[in-house]
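Chain residues, written in single-letter form:
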Amino acid sequence: MNTDPFDTGPTGKFRTLCQKYPDDTVYRGADGFRSLWGPIFYRGRANGSARLLVIGQDPAQTEAFTRRILSGQAGRRVQGFVEKLGYTRSYLMINAFVYGIFNQNMAMPHLNDPEIQAYRHQWLEAAFAKGKIEAVVTFGNAAFNAWTAFKATPAGQAVTAFHQKALHPTADKPGGPITRKDLLDNWNVALNKLRPHIQNPDVSKPLVPYGNDFTAAELPAIPSRDFPMGLQPWMRNTDFWAGMSDPPGTERANISIVVP
Ligand code: URA
């Protein structure tokens, strides 16, 4: 028998926010968003017990299936990062956008559209309501800009948790200006800044910095407790099983799955 723990779902204000959310009349951006796949809200503890808040950018193809954010390649990289700080469960991850982006240039200008921003601020207010979050890490520019906008609000100004920005987990695009080493150097700086602010980790362990590349141990499986019931192990311990699909012209709607 399989007895893997699973996420029993958001509670309290988090649950209300999953009940009532912006639809595609709010997430306009023409064809910039993959609104057909619906919003994907969070990963981790949407129940007030989180100590670390992670902010990413937007859910990708993998996340459209798992229904939890940061669960593909970017998610496993981030999982390794939070585990280096000693958090194996007490984190909440949200994205700047609840819908996946199909076209960056079309979607990004909507980051602070009033209704998109107001909804995101409700998530952030819920995250800080119990006063347990001790640190915040934003991955990438969209997350950083979303955080900056929140910090300018009265609720944001009241937050004292330490914030650190870091490069986005897939900033090291092939042929791009940021190498894998650049990404990991940046993450090492971020880890060192965050570390003194971590007061209640799930496990206490020395901080081991990244080397020149991710090791297998630095790309852990996503814990089953972060996923809905019944999700299979291959969905949380392998990458790249979900991608864009053919035929050309329908990629925004279609996602292709290949079971590894
Ligand atoms: N998946 C997410 O959910 N967020 C990111 O920022 C990247 C991939």
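Scroll up a little and you will see the structure.
The text that follows walks through the structure, step by step, so that each part is easy to find. A quick note: this is a predicted structure, and the numbers were derived from the prediction, not measured. (Residues numbered from 1 in each chain as written. Predicted model: local features only at pLDDT ≥ 70, side-chain atom pairs only at ≥ 80, totals over all residues. Heavy atoms only, no water.)

### Remarks on the packing of aromatic side chains
Per the stated rule, a full pass over the model turns up 20 aromatic pairs. With a centroid separation of 5.4 Å and an interplanar angle of 55°, the aromatic rings of Phe33 and Phe97 are classed as tilted. In this pair, Phe33 is assigned in the loop between helix 1 (12-19) and strand 1 (42-44) and Phe97 in the loop between strand 3 (91-95) and helix 4 (104-107), connecting sequence segments 64 residues apart. The interplanar angle of 15° and the centroid separation of 6.1 Å between the aromatic rings of Phe41 and Trp123 together place this pair among those described as stacked. Placement of the pair is Phe41 in the loop between helix 1 and strand 1 and Trp123 in helix 5 (residues 114-128), with a sequence separation of 82 residues. The ring of Tyr210 has Lys84 lying over it, and the distance from NZ or CZ to the ring centre is 4.4 Å. Across from the ring centre of Phe144, 4.5 Å away, lies the NZ or CZ of Lys165, which sits over that ring. (Phe/Tyr/Trp six-rings, centres within 6.5 Å; stacked < 30°, edge-to-face > 60°. Helix = DSSP H or I, 4+ residues; strand = E, 2+ residues; numbered from the N terminus. Lys NZ or Arg CZ within 6 Å of the ring centre and 35° of its normal.)

### Thoughts on the nonpolar core
Counting 37 residues, the largest nonpolar core has Leu53, Leu92, Trp123, Phe128 and Trp147 as the members making the most contacts within it. Broken down by element, this core gets its largest block of residues, 7 residues, from helix 5. Aside from chain neighbours lying at most four places away, what touches Trp123 is Phe14, Leu17, Cys18, Phe41, Tyr42 and Ile94. Counting residues in each nonpolar core, the second largest holds 34 residues, with Val78, Tyr91, Leu184 and Phe214 among its members. (Core = buried A, V, L, I, M, F, W, Y, C linked by side-chain atoms within 4.5 Å. Buried < 20%, exposed > 50% of the residue type's maximum accessible area, 1.4 Å probe, protein only. Contact = heavy atoms within 4.5 Å.)

### Observations regarding the sheet that holds strand 1
Read from one edge to the other, the open sheet built from 5 strands follows the order 1-3-2-4-5, with strand pairing classed as mixed. Each having just a single partner strand, strand 1 and strand 5 (162-166) make up the two edges of the open sheet. Pairwise comparison of adjacent strand axes, ignoring direction, gives a mean angle of 15° for this sheet. (Pairing = 2+ DSSP bridges. Axes fitted to C-alpha atoms, helices over the stretch in contact; angles between N-to-C directions.)

### Details of the site of the ligand
As a matter of local geometry, the ligand sits amid Gly56, Gln57, Asp58, Pro59, Glu63, Ile69, Leu70, Ala74, Asn95 and His168. Take Leu70: an N or O atom from its main chain is 2.8 Å from an oxygen atom of the ligand. At 2.8 Å, a side-chain N or O of His168 approaches an oxygen atom of the ligand. Surface burial for the ligand is 94%, taken as the share of its 230 Å² of free accessible area covered by protein chains. When grouped by side-chain class, the residues that make up the shell around the ligand number 4 nonpolar, 4 polar and 2 charged. (Near = heavy atom within 4 Å. Polar contact = N/O pair within 3.5 Å; in protein donor to acceptor, adjacent residues only side chain to side chain. Areas by Shrake-Rupley, 256 points an atom, 1.4 Å probe, with all protein chains shown as cover. Nonpolar A, V, L, I, M, F, W, Y, C, P; charged D, E, K, R; others polar.)

### So, the environment of Arg225
Residue placement: Arg225 occurs in the loop between helix 8 (180-194) and helix 9 (233-237). Of the residues examined, Arg225 reaches a relative accessible area of 24% and is grouped as partly exposed. Dropping the residues within four chain positions of it, Arg225 is found in contact with Pro5, Phe6, Asp7, Arg45, Thr88 and Arg89.

### Regarding the pattern of salt bridges
Any two side chains of opposite charge can pair if their charged atoms end up close together. Following the criterion strictly, the structure yields 10 salt bridges and no others. One salt bridge in this structure joins Arg77 and Asp172, with 2.9 Å as the shortest N-O distance. Residue Arg77 is located in helix 3 (residues 73-84), and its partner Asp172 is located in the loop between strand 5 and helix 8; the two are separated by 95 residues in the primary sequence. Residue Asp172 is classed as buried on the basis of its relative accessible area, which comes to 12%. Here Lys181 and Asp185 are joined by a salt bridge, their closest N and O atoms 2.8 Å apart. Note that Lys181 and Asp185 are positioned in helix 8 at a spacing of 4 residues, about one turn of the helix. One connected set of salt bridges, linked through shared partners, spans Arg77, Asp172, Arg180 and Asp213. (Salt bridge = Lys/Arg side-chain N within 4 Å of Asp/Glu carboxyl O.)

### A short note on unusual backbone geometry
Note on backbone geometry: most residues besides glycine have negative phi, and most peptide bonds are trans. Its identity is not glycine, yet Arg67 carries a phi of approximately 65°, on the positive side. Tracing the chain through its elements places Arg67 in the loop between helix 2 (61-66) and helix 3. In this structure Arg67 comes out as partly exposed when scored by relative accessible area, which is 30%. Even without a glycine there, the phi angle at Phe240 is positive, about 65°. Using a relative accessible area of 62% as the deciding quantity, one classes Phe240 as exposed.

### Concerning helix 5
With 15 residues, helix 5 ought to run about 21 Å at 1.5 Å a step, and its terminal C-alpha atoms sit 21 Å apart, in line with that. Taken together, the buried positions of helix 5 are Ile116, Tyr119, Arg120, His121, Trp123, Leu124, Ala126, Ala127 and Phe128. (Expected span 1.5 Å × (residues − 1).)

Remember that the coordinates give geometry; whether it matters functionally is a separate question.
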